[in-house]
Amino acid sequence: MQTHLQEKLLVQDHSLFTNTPAKPARQRRRIDYIAENPNPHPYVKKWLEEPFLMSIRDDPNFASFLNNTNLTKELTESYGTLLKIHELVGSDTDLVFFDVCSGKGYLSCLLSYHFPRSTIHQIDNNNKIKTEHIRSLKNVQFHLMDVKGVKILDLMKEETKGKKGIILGIHLCGELSEYLINFFNTIDTIEYLILCPCCISKKNQGLLQTSRDLNIDNYNLWTMELFYSIKDSTRFLNRDGEVKSHKNNFISAKKIRDSKKPEEASKAENTETTEIEPKEESKEIKEATEEDKEVCPCVPSLVLLLQNKYCSYVTCEFKPKSL
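Computed from a predicted model, the values in this text were never measured in an experiment.

The rules we used
- Residues numbered from 1 in each chain as written.
- Predicted model: local features only at pLDDT ≥ 70, side-chain atom pairs only at ≥ 80, totals over all residues.
- Heavy atoms only, no water.
- Salt bridge = Lys/Arg side-chain N within 4 Å of Asp/Glu carboxyl O.
- Helix = DSSP H or I, 4+ residues; strand = E, 2+ residues; numbered from the N terminus.
- Buried < 20%, exposed > 50% of the residue type's maximum accessible area, 1.4 Å probe, protein only.
- Phe/Tyr/Trp six-rings, centres within 6.5 Å; stacked < 30°, edge-to-face > 60°.
- Lys NZ or Arg CZ within 6 Å of the ring centre and 35° of its normal.

**Student:** Would you take a moment to explain the pattern of salt bridges for this structure?
**Tutor:** A complete count under the given rule lists twelve salt bridges for this structure. Note that Arg-57 is salt-bridged to Asp-32, the shortest N-O span being 3.0 Å. In this pair, Arg-57 sits in helix α4 (residues 53-57) while Asp-32 sits in helix α2 (residues 30-35), placing the two residues 25 residues apart along the sequence. There is no split in this pair, since Arg-57 and Asp-32 are both buried. Between Lys-73 and Glu-77 there is a salt bridge, with the nearest N and O atoms lying 2.6 Å from each other. On the criterion of helical spacing, the pair formed by Lys-73 and Glu-77 is a turn pair, its members being four residues apart in helix α5 (residues 71-89). When salt bridges with common partners are traced through the structure, they connect Asp-32, Arg-57 and Asp-58 into a single cluster.

**Student:** What am I meant to see in the packing of aromatic side chains here?
**Tutor:** Note on aromatic pairs: each is described by the distance of the centres and the angle between the planes. As enumerated under the stated definition, the model contains seven aromatic pairs in all. Arranged with centres 5.3 Å apart and planes meeting at 90°, the rings of Phe-62 and Phe-65 form a pair that is edge-to-face. Using a relative accessible area of 0% as the deciding quantity, one classes Phe-62 as buried. Members of the aromatic cluster, each reached through a chain of ring pairs, are Trp-47, Phe-52 and Tyr-113. Above the plane of the ring of Tyr-219 lies Lys-247, whose end atom (NZ or CZ) is 5.6 Å from the centre.

In C-alpha cells:
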C-alpha cells in the first residue's frame, strides 16, 4: 500500500490537462527519495502516513528540516519515542513537553500535531541549528539554553505551574542523562520521563572499569545505573530494535502519586511485561530483597546483575500496540 506522500509523487502534473499554470519545480530533497522506497522502515512508514506531512513538505520553512543527511535515523528515533510517549501518558493530552537537547526537533514536530492542546519546549545550546520550521508550529517554542545552567530549571518550574510536565531526552551524551533524571527527581510537576541514553562520559572511569571487570557492555551497564537512579516512580525499561541506532535502550518513568507501594504500582503497570531470566545461574546468589523488586519486573536486581555478570535484561523489546 502506498503512503499519502508516495501517491502524490506519482500523480502527473495536472497542468497538462487544464489551463492551470504549473508550479515551479521544487528541488528534490531527502524526504522525496525516502518516500520512493517501496518498502520503507516501519517507523519511517508511519511518518510518511502522517496527514500533516504533505503540508510541511510544501512549506518552505521545512526545506532544511526535510533534507537532513541523517533523516532516516531522525525519523525512526522520533517516531519510536512518540509511540512510547502515547503508551506512557495514556489519556493525558494537556501536557507541557520539554524536548531536551532537541536538535532540529523531529520529535517536537510530531508532538505538535499529536498533542495540539499541549505546549512543546525545544531546548538546545547549539546556536547553528536552523529553526525556520518552528515558525509553522504554533505550539512549539525553541530555547537556546544550556542543560547545565539554572535557566532551564526556572523554565521547567514556571511552565508547569498547575500543569503536568513530561521531560524527554533522546541520545543524551554522558552526564546529560544524569541531569535529565535529576530534573525529573527534583521538580514535582514533572510527571513523566522518557530517556534514551547515549555514551558514558569518559570522566566516569569507575563505571567504565566496572564494565571491563565484569565483562558487561558499558552501554547496558550505564542504562542500568541511570534506571536505578530514578526515584519514587514506576519505571520501565526496554530496547527498541526499530530505532536506527546501536544506542536504543529506553527508560520511561511515571511518578507515583497515590498510597500504593512502589512494587505494587510496578506490578500493576507492567502486566504485559515478560520477565527475563539470567543466562547463567549462580548458587551463591541471594534472593532479591523487596527493595530490589521495586523496579520493572523485566529487570533483575542490581545485585543479581552484577553477581551474575549479566546485563542482557534490555532484550525486552518494545512492541507498540499501534504497529
